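Structure at a glance
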Amino acid sequence: MADYHKPDQQTLQALKDTANRLRILSIRATTAAGSGHPTSCCSAAEIMSVLFFHTMKYKPQDPKNPNNDRFVLSKGHAAPVLYSAWAEAGFVPESELLKLRTLDSVLEGHPVPRQEFTDVATGSLGQGLGAAAGMAYTAKHFDKASYRTYCLLGDGETSEGSVWEAMNFAGFYKLDNLTAIIDVNRLGQSEAAPLQHKVEIYQKRCEAFGWHSVVVDGHSVEELCKAFTPVKNQPTAIIAKTYKGKGITGIEDKENWHGKPLPKDLAEQAIKEIESRIHSNKKLTPALPVEDAPSISIKNIKMPSPPNYKLGDKIATRKAYGQALAKLGYANDRVIAMDGDTKNSTFSELFKKDHPDRYIECYIAEQNMVSVAVGCATRDRTVPFASCFATFFTRAFDHIRMAAISESNINLCGSHCGVSIGEDGASQMGLEDLSLFRAVPSSTVFYPSDAVSTEKAVELAANTKGICFIRTSRPENAVLYNNNEEFKIGHAKVVLQSKDDQVTVIGAGVTLHEALAAAEQLKKEKIHIRVIDLFTIKPLDRKTILESAKATKGRIITVEDHYHEGGIGEAVAAAVVGEPGITLKSLAVTGVPRSGKPDELLKLFGIDKDAIVAAVKKVVAKPCN
C-alpha cells in the first residue's frame, strides 16, 4: 500500500460537514420532486464526501476533461447525492437540485450523459462496474495516464452476476487504478439484502476474484480516507458498512423507506437535525489532476487501402470482418477489439495477431464485454469493436440497451447467424439478433453479403455514432462487388434487374446468394426478378424498395435467415405500409431449428433458392389487383 497521510482534524471535520450537506441537499431535492431515493443517498454521504473532496483529482468546472479521475455511480438510484456532490463542487447550482426529475432539468431520476459529469447511464443495476473496468483498462493500457476510476455499488446489486463478471475481469487484468466501493447499507428495495451486514463475506468474495479488499465503517471519513489508498497490481474493493437513511431519526436502518421521499414536515425536521451536526460551512476544493492523458482524434477513420478481393472468390463474411478489422487497426491506433473467447470463429484473432496491445480478451462473459466496450468508448478515447456469436448478444441485451441510453459509440459484431451455420444446432444460431438490435434506439444494423461490403461496413461503423451491429455469416459465399464499389448507410444495392422484372426479391447475407441462384433458375423459365441487397437493415432504404416494388407490379418477397419476428420481413412491411398496390410475402425461419447441413436447413425452413423459386411462381401466378 502507498504511504497514507492522515488528514488533519480540520479536514476530517470538513469532510463530515460536507457529508451532512450532501444529505440535506439530497433530502431537499427528493422532497421537492415528490419522488426519489433519499435514504439510499444518506447511506453514501460520507463515501461521496471523501471521494469528491479528498480522494478524486478533477477539475470541477471541466467535468469531461480527459485527465480527470472517473466516477461511476452504479447504484444509479442514489443520483441526488451525485448531483449534490457536483453542487457542492460548484458545477451545479443548488437551485437546480430543486428541479430534480422535472422535464426541463438535466437532473433525471438516474444518471444519464445529458449531464456533463456523467459518462455512462446507470440505474439498471449491476452494470456500472463493467463500464468502470473499461475506463480503467483504457487508462492503464491505451492512455497510459494517471487518472483513476471509482465505482460506487449498492449491496443489493451484487446479486447480479454481471458484477462478478466485472470483478473477475478487473482482478485478472490487475487493474490497480480501479476502486470499487460497495455501500453495504443492509436494506434492498422490498426487504433486506441477502447478506445484510455480513461484510466479511463480501470481503472474501472480492478477495477470491483477486481484489485487495478492506472493510470500513462507511460513516467514518477517517477510515474511508485511509481505505482509498491504492495498492499495486490489484484493484481495490472497499466494503463500507453503512445504514440506509443514516442521520434521519426514525428512518435510519428502517425498512419500507426505499424510493420514498420525506414528506415536507419530516424533511424539515430531518434537515434541522442534520444541520445541528454541521460545525462549519467551509468548502473543500478537490485536487487537480495530473495532465498526462494524450490528445487523440478518432474522427474520419479511413481504411489505408481499398478492399482487395476478386469477383467470384468465396470467403465467409465472418473472415472478411476479421481481415477488415485488422486492416482498420493500421488506420488509427485508437481502434481496439475485444471478444468473448470466440476469436478463432469471429476472426477477431486476426486483429489480435496484428495489434496485440489493442486486443482485450473478455472470455465467456458477454454482458461484461459490452460494458467494458462502453467504458473504453467514454470521452472518445477509443473506437471499440466487440465480437462473439450473434446469439450470445441476446444475454447482453440489457447492457446494449443501457449503452444506447449512455449515448455510447460501440461496434458489435455477431457471427454465426441463422440456420446456415449448420451442424452446431439451435443453441448456436443467431435468429433473434436483428430483432434485438433494430429495437435499440440510435442503432445501425449492418448485414453485409460479401467480403467487400463487409469491409465497407467495418469502416462505416468506425465513423458512425451510436450502437453499430454487424451481422456476419459462417458459409463461404462469392464476392459480388467490385473493390471500388461505394456503400452508404441506409442505401441498398439493386444487384440484379431488368426491364422485364416481375417480382422484387429482398435478401441479405446468405439469402441474397440464394436469391441470385433462384434468379438464374427462374430466368430459364422466362421469369425475371429484381434482387435487392439491403446492406443496412436499419436504417432501411425505403426509397429503393418502393421504386423496385412499383417496377415489379407491387410484388415483394423477402427472404432471411432469421425468425419472422422483428426481422427483414417486418422491417420491409413497416417501410411499405400504407402504400397502395403492394403485396408482401416473407420467407423466414419458423420454429426451433436443429442440427443439419447448411443447405439441408435452408431447405427445411424454406429460405433456399428452391423456396424462393416456388414463392416467385406463386406470386406471379396470382392476378394483380
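What comes next concerns the included structure. (Residues numbered from 1 in each chain as written. Predicted model: local features only at pLDDT ≥ 70, side-chain atom pairs only at ≥ 80, totals over all residues. Heavy atoms only, no water.)

Focus on the side chain of Arg-530
With respect to the secondary-structure elements, Arg-530 resides in strand S16 (residues 529-533). For Arg-530, a relative accessible area of 11% translates into the label buried. Of note is the side chain of Arg-530, whose polar atom sits 3.3 Å from the backbone oxygen of Ser-498. A polar side-chain atom of Arg-530 sits 2.9 Å from a polar atom in the side chain of Asp-501. Other than its neighbours up to four places away in sequence, Arg-530 contacts Val-494, Leu-496, Gln-497, Ser-498, Asp-501, Val-503, Thr-504, Val-505, Ser-548, Ala-551 and Thr-552. (Helix = DSSP H or I, 4+ residues; strand = E, 2+ residues; numbered from the N terminus. Buried < 20%, exposed > 50% of the residue type's maximum accessible area, 1.4 Å probe, protein only. Polar contact = N/O pair within 3.5 Å; in protein donor to acceptor, adjacent residues only side chain to side chain. Contact = heavy atoms within 4.5 Å.)

Let's talk about helix H6 (residues 128-143)
Across its 16 residues, H6 extends 21 Å between first and last C-alpha, which sits within 8% of the 22 Å expected from 1.5 Å per residue. Burial runs high along H6: 14 of the 16 residues are buried. A positive backbone phi angle near 50° is found at Lys-144, which sits one or two residues after H6. (Expected span 1.5 Å × (residues − 1).)

With respect to empty space enclosed by the protein
Inspection of the entire model under this criterion finds four cavities of 30 Å³ or more. Of the volumes computed, that of the largest cavity is approximately 140 Å³. Secondary-structure elements contributing two or more residues to the lining of the largest cavity are strand S1 (70-73) and helix H4 (79-88). For the lining of the largest cavity, the element with the most residues is S1, which contributes four residues. In this model, the second largest cavity occupies a volume close to 90 Å³. In terms of lining residues, the second largest cavity is bounded by Val-120, Ala-121, Thr-122, Gln-127, Gly-128, Ala-131, Ser-371, Val-374, His-399, Met-402, Ala-403 and Ser-406. Those elements that provide at least two residues to the lining of the second largest cavity are H6, helix H14 (366-377) and helix H15 (397-405). Looking at the lining of the second largest cavity element by element, the count peaks at three residues for H15. (1 Å grid on protein atoms, 1.4 Å probe; cavity = no way out; pocket = protein on both sides within 12 Å on 5 of 7 lines; lining within 4 Å. Points joined across faces, edges and corners; volume = space filled by probe spheres on them.)

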